[in-house]
Each structure stands twice: as C-alpha cells, then as structure tokens.
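Fold and contact review
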Amino acid sequence: MDKLRAAVHGTVLLLIIGWVLTAGKEIFVPAVLGAVVVYVIVGLAQVLGRLPGIGPKLPLQLRYLFSIAVIGLAFFLLAYLIMANKERALALAPHYQQSLLAAIQQFAARFGFETEPTWTTLRQELMARIDLQRLFTAVLASAGSILVTFVVVMLYATFLLVERRSFDAKLARMSDDPKQVAHIREIIGTINRRIGSYLALKTLLSILLGAVSWAVMRLYGLDFAPLWAVLTAFLNFVPYVGSVLGVLLPALMAVVQFQELGPILTLVLALTAVQFVIGNFLDPYVMGNSLNLSPFAILISLAVWSELWGIPGAFLAVPITAIMTIVFSEFPGTRQVAVLLSKNGEV
C-alpha cells in the first residue's frame, strides 16, 4: 500500500510539474537559456585556461571577456545574416518557386508520371498551395522573435554572472551543518564541471562544423551559404535531429536553386560526410563520456522537452537531463532513475 501511495503521489507531482513548466514557458525558457549561456561562458574560459603555454597566463577576466565576445559574435552574425538576406530571399522567392516547379516537371518526365491523366491537375493544385514568398516571410518573422528572446536571455545571463560572485557565500549560509553545505557544494560543483565542459566543447565543435559546412556550400555556390552554416552550427546542439536538419535544410535550398540532380546529390553527400566525421569521430574523441547519458534517455528527453518548451526545449534537453541525472544520483529514492538515465550504469 505504501508503494502504491508513493507511486500515485509521484505521478501527481510529475503532472503538476509538467503543467507548471508548460504554463510558465515564457518565464522559464529565457531564464534556463540564460543559465546555459553562463555555463558556456564559464566553460570556454576554463578551456582557454587549459591551453598549453598561453592559457595559464591569461587573466580570468580576459578569458571571460573573450568567451562573451565569442557568444555575442555568433548571435550577432546570425542576426546580421537574417537582416542582410531578408530582402534578397523575398526577391528570389518567385524564382525559387519556378525552379521548384521545373524540378517537379523534370522528375515527372523522368519517371513517366506525366502520362498519368491526373498529374497536371495535381501539380497545379500543389503549386497553388505552395507560396515560398509567404513561407520565407513567416520564417524571417520567427527569426526576428528569436532575436528578441536572445536580448532577454542575455539580460538573464548578465545578472547570473553578477550573482556568481556572492553565490558561494550564500551557499555557506544555507545550513548550519558544514557536512550538508559541503555535500551541496560538491553536487553543484559536479553539475558545473560536467555541464560547463560539455557546452564549451560542444560550442567549439559546432563552430568547426559550421565553418566546414560553409566551405562545402560555398564550393557548390549554394545561395545564403553563411546563413545555412550558422544554422547548422546552432542545430548541432540538438541531439540526433539537429544533424539531420543540418543537411536537410541546405538540401531543400539546393532543390529550389539547382535543377540538375547531380549537384544536389553530391552536395547532400558532402554535407552528410562532414556531419558523419565530426559527429562520429571528432565529437566522441573530444567530448569523451563527459555526461554519461544513455542515447535512449537523450532521445526520450528530446521528445519530452520539445513537447513542453518547443524548439528551445530541444536545445536544452541534454543539459537538463544531465543535471537531473546528477541530482537523482545523490538521493536513495531516485538513484535507480539516475542509473537508468546513465549510459553505463555508473553514477
């Protein structure tokens, strides 16, 4: 009976937490993203400090300043590319729509679909429903709202960085028991070390991925290559799905830009090869097993947090799940959950 009561109470608690997270999405998402930005800043500063030779000689404030500059430059580059390419994208939308129609016609002729009596009508109805200019306008409007959210996130990050100075003193006064304070400090230190290292190294790998992807797209003459490269770098933070979108979005651009199948296929293969090499060789070599999360747990967390918080939830799924695993491992009642979430059962 006690186990049944505990299961019922746990289920009710999870439902309440889910409702609160969904209802408070507009408040929680910027705050958590601000915390993630702080982790990236601190993590990059620590990585810079470990550089051989010059690293230990760099002052901490200079390393923080460099980390902030890298993050600010990345978002400024995204904003600049969106604003700089907005008019061009809207102007080229009718041309892309005609190219898409031509590609459909070539595909139909090559596979004999044009002989079907209903194909012409189907093609006309399909193109009547596809308005690339309206689609581009909606995408650019969404990007504009994301930039506004970025300003709020950076405000949260700024205040969190200021709070870090007095956090240790606050932590020391949270309890009169020195052992309890030391235990809490150890848990927070583990979280900061793992999440900070993961996000910092992931940021460096994402920059590398974006740069190599840009070189490939530039080689093929793909329109808006810098914008797709920056989006590819950001999407690298989304597990599994981000790699697919990092190839799919430029591939769709290639379909509406090029009318030949050869350049489209070779571009897709080249971008897939870049994703495969970095994701399966360089990423494990650099990252190692820093978070110790099960791939299945990452996939489930991606689905859950995407459902709760949408696109920001997809970016935050891995850090949040890693924090939950570390916290759960410290309590006997939830340690089994931490073991299930871990990759090798060691927590």
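The structure reproduced in this document is the subject of the present report.

Check the secondary structure of the protein and you find 12 helices and 0 strands. Among the 347 residues that make up the protein, the fraction classed as buried is 38%.

Below, the discussion takes up a nonpolar patch on the surface. Residues Leu 4, Val 8, Val 12, Ile 16, Trp 19, Val 20, Ile 27, Phe 28, Val 152 and Tyr 156 make up a contiguous nonpolar surface patch of about 920 Å² in total accessible area. Mapped onto the nonpolar patch, the elements with two or more residues apiece are α1 (2-23), α2 (25-49) and α5 (132-172). For the nonpolar patch, the element with the most residues is α1, which contributes 6 residues. Here Leu 4 is to be found in helix α1. On the basis of relative accessible area, Leu 4 is assigned to the exposed category, the value being 54%.

Before going further, it helps to spend a moment on the nonpolar core. Counting residues in each nonpolar core, the largest one holds 41 residues, and the members touching the most others are Val 37, Ile 195, Leu 199, Leu 291, Trp 305 and Trp 309. Secondary-structure elements contributing two or more residues to this core are α2, α3 (60-111), α5, α6 (178-220), α10 (295-309) and α11 (311-328). It is α2 that contributes the most residues to this core, 12 residues altogether. When neighbours within four sequence positions are excluded, Trp 305 is seen to be in contact with Leu 21, Gly 310, Gly 313, Ala 317, Ile 320, Thr 321 and Met 324.

All right, on to the packing of aromatic side chains then. Scanning the entire structure with this criterion turns up 2 aromatic pairs. Ring centres of Trp 305 and Trp 309 lie 5.1 Å apart, and the angle between their planes is 55 degrees; on these two criteria the pair is classed as tilted. Within this pair, Trp 305 and its partner Trp 309 are both found in helix α10, separated by 4 residues, close to a single helical turn. Taking relative accessible area as the criterion, Trp 305 reaches 10% and is therefore assigned buried.

Before going further, it helps to spend a moment on the packing of helix α7 (residues 225-235) against helix α8 (residues 241-257). One can describe the packing of α7 onto α8 by two numbers: an axis separation of 8 Å at closest approach and a directional angle of 165 degrees. With respect to their mutual orientation, α7 and α8 come out roughly antiparallel. Helix-helix and strand crossings are classified by hand; for α7 and α8 the assignment is right-handed. Residue-level inspection shows Trp 228, Thr 232 and Leu 235 of α7 in contact with α8, the latter providing Gly 242, Leu 245, Gly 246, Leu 249, Pro 250 and Met 253. Grouping the constituent residues of the contact of α7 with α8 by class yields 6 nonpolar, 3 polar and no charged.

In this model, α10 (15 residues) spans 21 Å end to end at C-alpha, consistent with the 21 Å of a helix rising 1.5 Å per residue. Listed as buried for α10 are Ala 297, Ile 298, Ser 301, Leu 302, Trp 305, Leu 308 and Trp 309. Buried residues of α10 fall within an arc of 140 degrees about the axis and therefore sit on the same side. Exposed residues lying more than 90 degrees from the buried face of α10 are Phe 296 and Glu 307. Of the residues flanking the end of α10, it is Gly 310, one or two places downstream, whose phi is positive at about 70 degrees.

Our focus in this paragraph is α8. Three- or four-residue spacings in an α-helix give side chains the same orientation, since the helix completes a turn every 3.6 residues. Here α8 is 17 residues long and its end C-alpha atoms lie 24 Å apart, about the 24 Å a rise of 1.5 Å per residue gives. Of the residues making up α8, those classed as buried are Gly 242, Gly 246, Val 247, Pro 250, Ala 251, Met 253, Ala 254, Val 256 and Gln 257.

Our focus in this paragraph is the environment of Val 268. Counting through the fold element by element, Val 268 comes out in helix α9 (residues 261-287). What makes Val 268 partly exposed here is its relative accessible area of 24%. Note: C-alpha distance between Val 268 and Ala 251 (17 residues apart in sequence) is 6.1 Å. Ignoring sequence-local partners within four residues, the contact set of Val 268 consists of Val 247 and Ala 251.

Moving on: the environment of Leu 81. With respect to the helices and strands, Leu 81 occurs in helix α3. Classification of Leu 81 by relative accessible area gives buried; the value is 7%. For the pair Leu 81 and Ala 225, spaced 144 residues apart in sequence, the C-alpha separation works out to 9.9 Å. The residues touching Leu 81, leaving out its near neighbours within four places in the chain, are Pro 226, Leu 227 and Val 230.

Reading the values: the criteria
Residues numbered from 1 in each chain as written. Predicted model: local features only at pLDDT ≥ 70, side-chain atom pairs only at ≥ 80, totals over all residues. Heavy atoms only, no water. Helix = DSSP H or I, 4+ residues; strand = E, 2+ residues; numbered from the N terminus. Buried < 20%, exposed > 50% of the residue type's maximum accessible area, 1.4 Å probe, protein only. Patch = residues over 30% accessible without salt bridge, like charges linked within 9 Å, V, L, I, M, F, W, Y side chains within 5 Å. Areas by Shrake-Rupley, 256 points an atom, 1.4 Å probe, with all protein chains shown as cover. Salt bridge = Lys/Arg side-chain N within 4 Å of Asp/Glu carboxyl O. Core = buried A, V, L, I, M, F, W, Y, C linked by side-chain atoms within 4.5 Å. Contact = heavy atoms within 4.5 Å. Phe/Tyr/Trp six-rings, centres within 6.5 Å; stacked < 30°, edge-to-face > 60°. Axes fitted to C-alpha atoms, helices over the stretch in contact; angles between N-to-C directions. Parallel < 35°, antiparallel > 145°, perpendicular 65-115°, else oblique. Left-handed = near helix turned anticlockwise from the far one by under 90°. Nonpolar A, V, L, I, M, F, W, Y, C, P; charged D, E, K, R; others polar. Expected span 1.5 Å × (residues − 1). Arc of directions from axis to C-beta.

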